[in-house]
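For reference, the chains in residue letters:
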Amino acid sequence: MLRFNTLRRPAPIAFACLASTALTCLAAPTSVLAQEAGETEDVVVVHGVLGRYSATKSDTPVIETPRSVSIETLDQILDRGGVDLSDAYLYSAGVIGDTYGISTRVDSVQVRGLRAPEYRDSLQALFGSYNNTRSDIYTIEQVEILRGPSAILYGQGSPGGFVNVVSKTPEDEFSGETVGEVGNHDRYQLAADFTGPLDADGTWLYRGIGVWRETGTQIDHIDEEAITLAPSLTFAPGPDTRVSAILTYQDIRASAASQFLPIHGTLLPGPDGRHFDANVFTGEPDFDRYDTESVSLTLLAEHRVNANLQLEATVRRTESEADYRQAWISFIGGDRHIRNPNGSLYRDGYMPRTFYASQASSEQTAADLRARLDFETGAFSHKLLGGLQYQDVTTDNDSAYLFAIGLDFATGLPDATYGDTFWFNPYAPSYGAYPSDAIIDAYMSDSPESRTQSTGLYLNDQIEHGSWLATVGLRNDWVETDTGSATQDDDKLSTSFALMYRFDIGLNPYVSYAESFEPVIGTTFDGSAYEPQQGRQYEIGVKYQPPGSRSLVTLSWFDIEQSNLLTADPAHPGFQIQAGVVTITGFEVETAWYWDTVSLDVSASQLETETVDGYQLASIPEVQASAWLGWQPTGVWSGFRAGAGVRYVGESQNGTDSLETPSYTLVDAMIGYEMDAWNFGLHASNLFDEAYFATCLSRGDCFVGEDRTLVARVARSF
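It should be emphasised that the depicted structure is a prediction, and the values quoted were computed from it without experimental measurement.

### Topic: the overall build of the protein chain
For step 1, the next point in the chain: Of the regular secondary structure elements, the protein chain holds 5 helices and 40 strands.
For step 2, the next point in the chain: Against the compact-globule benchmark of 27 Å for 718 residues, the protein chain has a radius of gyration of 26 Å, which places it among compact chains.
For step 3, the next point in the chain: Counting only contacts in the protein chain whose residues sit at least 6 apart along the sequence, the fraction spanning at least 24 positions is 68%.
For step 4, the next point in the chain: Entry remark: accessible area of the protein chain is about 28700 Å², with carbon and sulfur atoms responsible for 56%.
For step 5, the next point in the chain: Placing the 45 positive and 98 negative side-chain charges of the protein chain at their respective mean positions leaves the two points 3 Å apart.

Here it is as structure tokens:
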């Protein structure tokens with residue numbers, strides 16, 4: 001949770017950081033930098049800390065957590081020019097927040113080379129493909145990244161890690177703010193957030209959050225209109241009991257920004273040696289849309305029975321739907337689809353397009369019931385966490401896929417049915433030709449609903465003995481999947497172990513082992529059901545905080561293996577066996593240094609990956625590095641703040657090691673001024689408007705990176 005503390009200068013900020021652990025210092029924005037002694041004005045200090053609904057389901061400080069964990073507070077995200085959730089991951093080691101460049105559909109996050117599922121308040125938040133609504137960053141307190149497998153706490157998932165979004169909840173004292181934003185690409189946003197007690201004794205607390213946004217993008221005809229409402233209510237009859245209910249409603253009307261651009265003409269020259277504008281809109285203004293609507297109700301409850309036993313619960317019901325239509329230039333592989341038989345470009349640039357239409361939905365009912373017991377056995381103290389987790393998710397997607405409509409695949413020329421009626425010339429865009437509803441309906445497939453029910457029982461014991469700290473975890477999961485055409489049952493026992501030693505000099509080395517699993521639906525040649533994919537990770541690291549300092553350094557090395565992946569069955573063509581293995585090894589460093597009015601956050605990672613076929617993982621750079629420098633002066637400059645950051649993303653491969661996406665370096669910056677209840681800021685992402693591609697894939701398409709984004713923000717607090 002975020003904690004707001006009012007201090008009197010010269011209150012020692014370093015002590016405040018130490019009191020809430022080194023994580024506080026790592027996550028603190030530049031606004032909490034130490035101030036000069038002798039001043040007596042009030043200053044608000046904002047700390048990002050792990051809570052009971054966090055990624056670790058524990059308030060154990062990060063400095064004492066034998067896993068790699070990062071936190072980005074909302075203030076940090078906004079200071080660095082963030083406008084959506086994917087921007088929260090750009091300064092974290094080993095994390096890619098914009099895998100597929102500019103996007104209005106989904107936040108595609110990769111952690112340690114593998115996709116990362118998104119959780120909210122420790123329950124999974126997104127399911128299926130493009131049937132959900134993206135979380136609005138103004139409704140959150142912080143974003144947490146837990147690297148490596150997490151089956152012990154969460155059951156099925158990715159061995160790379162996951163992200164957890166922490167919701168804002170009601171607070172004990174009244175506060176509020178209204179915020180207005182104006183940015184390039186015709187961005188306008190208004191937001192409000194008010195919280196406080198409803199009665200004199202603070203038994204009932206409220207919070208009301210609202211966001212309205214209207215914005216364009218760097219791509220013509222890609223706009224967004226969004227409304228988010230997030231009221232919440234807390235019942236706190238005493239210090240031992242607290243129950244919060246959060247209702248979140250989101251309605252977003254937009255179009256898909258990912259254009260699936262062909263490699264030839266973008267990253268590589270077209271057949272005639274020309275390139276077209278990478279920000280070209282390849283769809284149809286009257287056809288394309290990505291409209292989503294979702295409503296969720298989350299219950300967070302905790303009750304302390306006595307000094308040793310505490311009960312907790314997280315429960316959620318979510319319903320979400322999406323109306324998705326998009327056209328894009330067909331990527332067929334190579335460039336035979338855009339050449340005449342004599343090798344010239346067809347009609348000076350015309351290319352076939354694919355049209356996709358989808359009506360998708362998802363429903364989730366989930367609960368995580370936990371009990372915490374603190375006890376001692378001789379010289380050992382224990383913090384035992386036991387839980388029952390249940391989840392029931394139903395997804396549905398009725399879709400039509402009109403691939404390269406009008407193309408004769410034998411000749412690479414227009415066919416006799418539709419011809420080049422719906423083809424597109426990205427060198428000279430014109431719009432208005434797209435399939436009628438009757439044609440779309442003829443291709444529409446009414447897919448059956450898919451339902452997954454899972455139940456998990458887990459125990460995790462944190463054991464302390466002197467300077468030693470160990471964790472031991474055990475969990476069993478039962479998963480039933482019904483695809484509408486087949487039903488499959490899986491069960492898996494998972495374990496985890498970790499050990500840390502805490503030196504008096506602030507040095508905490510650790511080792512850990514963790515597992516993951518994910519069901520694989522289908523059968524082998526002999527009819528046997530596939531076993532779940534399995535993941536395991538060994539991690540060795542060290543966390544260091546010099547005594548009396550707010551600075552923190554985290555170093556980690558890890559080795560991940562993901563097995564039971566599907567590969568072709570050499571004895572039975574057309575069938576698959578589970579002989580595939582993906583390996584990932586890497587090194588990460590994250591540091592946060594503070595000197596009076598200056599802060600510096602640095603992160604870097606290096607990954608070595610190998611797929612089932614012996615290639616590097618697609619879209620995963622081998623090297624990443626970033627640094628953010630913040631300055632908040634005192635004296636006559638008091639109230640002013642500034643920051644600048646640089647992000648380097650190395651080359652990445654396309655999945656077959658046959659094409660390399662070039663590296664890129666981006667610069668971000670901000671300046672701001674706070675005066676009484678007013679807070680002004682100007683934030684720039686990709687300040688120098690560097691043109692780049694986020695990734696290009698072996699299937700034949702590229703994804704353009706985000707151009708310069710400028711946002712001016714003014715906030716009034718109450």
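### Describing the packing of aromatic side chains
The way to describe two aromatic rings as a pair is by their centre distance and the angle between their planes.
For step 1, the next point in the chain: This model, assessed by the stated rule, comprises 33 aromatic pairs.
For step 2, the next point in the chain: Seen in terms of ring centroids, Trp-468 and Tyr-501 are 4.7 Å apart; in terms of plane orientation they differ by 70 degrees. Their pairing is edge-to-face. Of the two residues, Trp-468 is situated in strand 25 (residues 468–482) and Tyr-501 in strand 26 (residues 487–501); the sequence distance between them amounts to 33 residues.
For step 3, the next point in the chain: With a centroid separation of 6.3 Å and an interplanar angle of 15 degrees, the aromatic rings of Trp-678 and Phe-680 are classed as stacked.
For step 4, the next point in the chain: A residue is classified by how much of its surface remains accessible, and Trp-678, at 37% relative accessible area, is partly exposed.
For step 5, the next point in the chain: By way of ring pairs, the aromatic residues Tyr-290, Tyr-324, Tyr-356, Tyr-401, Phe-403 and Phe-409 are connected into one cluster.

### What to know about the sheet that holds strand 8 (residues 123–124)
For step 1, the next point in the chain: Spatial ordering of the open sheet is given by 3-9-10-7-8, a layout of 5 strands whose pairing is mixed. Edge positions in the sheet fall to strand 3 (69–73) and strand 8, since each of these pairs with one other strand and no more.

### Quick look at the state of the cysteines
For step 1, the next point in the chain: Evaluation of the coordinates by the stated rule reveals 1 disulfide.
For step 2, the next point in the chain: The partner cysteine of Cys-696 in its disulfide is Cys-702, sulfur to sulfur 2.0 Å. Judged by the sign of its S-S torsion, about 110 degrees, the bond between Cys-696 and Cys-702 is right-handed.
For step 3, the next point in the chain: By relative accessible area, which is 1% here, Cys-702 ends up buried.

### Considerations on the environment of Leu-90
For step 1, the next point in the chain: Note that Leu-90 resides in the loop between helix 3 (74–79) and strand 4 (95–96).
For step 2, the next point in the chain: The spatial distance from the C-alpha of Leu-90 to the C-alpha of Gly-541 is 22 Å, given a sequence separation of 451 residues.
For step 3, the next point in the chain: Leu-90 has contacts with Gly-97, Asp-98, Ser-626 and Arg-647, leaving out every residue within four places of it along the chain.

### Structural notes on the nonpolar core
For step 1, the next point in the chain: Counting residues in hydrophobic clusters, the biggest one holds 20 residues, and the most contacted among them are Ile-219, Ile-263, Leu-267, Phe-276, Phe-693, Cys-696 and Cys-702.
For step 2, the next point in the chain: If near-sequence neighbours (up to four positions away) are discounted, Cys-696 is found in contact with Ile-263, Leu-267, Gln-653, Asn-654, Leu-659, Thr-661, Asp-701 and Cys-702.
For step 3, the next point in the chain: Counting residues in hydrophobic clusters, the runner-up holds 16 residues, among them Leu-78, Leu-85, Ile-140 and Val-163.

### Brief notes about the sheet that holds strand 39 (residues 701–704)
For step 1, the next point in the chain: Strand order across the open sheet formed by 3 strands is 17-39-38, with antiparallel pairing between neighbours. Only two strands of the sheet have a single neighbouring strand rather than two, namely strand 17 (261–262) and strand 38 (693–696).
For step 2, the next point in the chain: One ladder, built from 2 bridges, connects strand 17 with strand 39; its direction is antiparallel. Residue Pro-262 lies in a different strand from strand 39, and its bridge partner there is Asp-701.

### Concerning the confidence of the model for the protein chain
For step 1, the next point in the chain: Looking at the protein chain, pLDDT values average 88 and 91% of them are 70 or higher.
For step 2, the next point in the chain: The low-confidence segment residues 1–47 (pLDDT under 50) makes 120 contacts with residues lying over four places distant or belonging to another chain.

### Description of the side chain of Thr-495
For step 1, the next point in the chain: As for its position among the elements, Thr-495 is in strand 26.
For step 2, the next point in the chain: Other than its neighbours up to four places away in sequence, Thr-495 contacts Ile-152, Gly-473, Leu-474, Tyr-513, Ala-514 and Glu-515.

### A word on the pattern of salt bridges
For step 1, the next point in the chain: Inspection of every chain in the model, using the stated rule, returns 37 salt bridges.
For step 2, the next point in the chain: Of the charged contacts, one joins Glu-312 and Arg-370 as a salt bridge, the two residues approaching to 3.1 Å between their closest N and O atoms. Of the two residues, Glu-312 is situated in strand 19 (residues 309–329) and Arg-370 in strand 20 (residues 353–377); the sequence distance between them amounts to 58 residues.
For step 3, the next point in the chain: Residue classification places Glu-312 among the buried residues on the basis of a relative accessible area of 4%.
For step 4, the next point in the chain: The partner of Arg-536 in a salt bridge is Glu-561, and the shortest N-O contact between them spans 3.9 Å. You can see Arg-536 sitting in strand 28 (residues 533–544) and its partner Glu-561 sitting in strand 29 (residues 552–568), a full 25 residues away along the chain.
For step 5, the next point in the chain: Take Glu-561: its relative accessible area is 29%, and that puts it in the partly exposed class.

### Topic: a nonpolar patch on the surface
For step 1, the next point in the chain: Together, Trp-468, Leu-499, Val-511, Tyr-538, Ile-540, Trp-557 and Phe-587 make up an exposed nonpolar region whose accessible area comes to about 670 Å².
For step 2, the next point in the chain: If you trace the backbone, Ile-540 turns up in strand 28.
For step 3, the next point in the chain: A residue is classified by how much of its surface remains accessible, and Ile-540, at 49% relative accessible area, is partly exposed.

### Digging into unusual backbone geometry
Leaving glycine aside, a negative phi is the common case for residues, and trans is the common case for peptide bonds.
For step 1, the next point in the chain: Of note, His-185 is a non-glycine position whose phi angle comes to about 60 degrees, a positive value.
For step 2, the next point in the chain: Here His-185 lies in the loop between strand 11 (175–183) and strand 12 (187–197).
For step 3, the next point in the chain: Judged by its relative accessible area of 29%, His-185 falls in the partly exposed class.

### Regarding the side chain of Arg-647
For step 1, the next point in the chain: Within the secondary structure, Arg-647 is located in strand 33 (residues 640–649).
For step 2, the next point in the chain: A polar contact of 2.8 Å, which involves the side chain of Arg-647, links it to the side chain of Asp-668.
For step 3, the next point in the chain: Apart from residues no more than four positions distant in its own chain, Arg-647 is found in contact with Leu-90, Tyr-91, Ala-625, Ser-626, Tyr-664, Thr-665, Leu-666, Asp-668, Ser-685 and Asn-686.

### Describing empty space enclosed by the protein
For step 1, the next point in the chain: Applying the stated rule across the entire model yields 10 cavities of 30 Å³ or more.
For step 2, the next point in the chain: Of the voids in this model, the largest cavity is the one considered here, and its volume is about 260 Å³.
For step 3, the next point in the chain: Taken together, 19 residues form the lining of the largest cavity, with Arg-120, Ala-125, Ser-135, Ser-296 and Thr-318 sitting closest to its centre.
For step 4, the next point in the chain: Among the secondary structure elements, those contributing two or more residues to the lining of the largest cavity are strand 16 (241–254), strand 18 (289–304) and strand 19.

### Considering the pairing of strand 18
For step 1, the next point in the chain: As judged from the 12 bridges shared by strand 16 and strand 18, these two strands associate in the antiparallel manner. Within strand 18, the position partnered with Ile-246 by the bridge is Thr-298.

### Details of the environment of Leu-261
For step 1, the next point in the chain: With respect to the helices and strands, Leu-261 occurs in strand 17.
For step 2, the next point in the chain: For the pair Leu-261 and Ile-329, spaced 68 residues apart in the sequence, the C-alpha separation amounts to 6.6 Å.
For step 3, the next point in the chain: With residues up to four places along the chain from it excluded, the contact list for Leu-261 reads Thr-266, Phe-276, Ala-278, Val-280, Thr-282, Gly-700, Asp-701 and Cys-702.

### A short note on the environment of Thr-524
For step 1, the next point in the chain: Position of Thr-524 among the secondary structure elements: in the loop between strand 27 (507–518) and strand 28.
For step 2, the next point in the chain: C-alpha of Thr-524 to C-alpha of Gln-576: the two residues are 52 residues apart in sequence and 6.2 Å apart in space.
For step 3, the next point in the chain: When residues no more than four places from it in sequence are discounted, the contact partners of Thr-524 are Tyr-530, Phe-575 and Gln-576.
For step 4, the next point in the chain: A polar contact of 2.4 Å, which involves the side chain of Thr-524, links it to the side chain of Asp-526.

Calculation rules
Residues numbered from 1 in each chain as written. Predicted model: local features only at pLDDT ≥ 70, side-chain atom pairs only at ≥ 80, totals over all residues. Heavy atoms only, no water. Helix = DSSP H or I, 4+ residues; strand = E, 2+ residues; numbered from the N terminus. Rg over C-alpha atoms; globule rule 2.2 N^0.38 Å. Contact = heavy atoms within 4.5 Å. Areas by Shrake-Rupley, 256 points an atom, 1.4 Å probe, with all protein chains shown as cover. Lys, Arg positive; Asp, Glu negative; His and termini not counted. Charge placed at Lys NZ, Arg CZ, Asp CG, Glu CD. Phe/Tyr/Trp six-rings, centres within 6.5 Å; stacked < 30°, edge-to-face > 60°. Buried < 20%, exposed > 50% of the residue type's maximum accessible area, 1.4 Å probe, protein only. Pairing = 2+ DSSP bridges. Disulfide = S-S within 2.5 Å. Core = buried A, V, L, I, M, F, W, Y, C linked by side-chain atoms within 4.5 Å. pLDDT = per-residue confidence, 0-100. Salt bridge = Lys/Arg side-chain N within 4 Å of Asp/Glu carboxyl O. Patch = residues over 30% accessible without salt bridge, like charges linked within 9 Å, V, L, I, M, F, W, Y side chains within 5 Å. Polar contact = N/O pair within 3.5 Å; in protein donor to acceptor, adjacent residues only side chain to side chain. 1 Å grid on protein atoms, 1.4 Å probe; cavity = no way out; pocket = protein on both sides within 12 Å on 5 of 7 lines; lining within 4 Å. Points joined across faces, edges and corners; volume = space filled by probe spheres on them.

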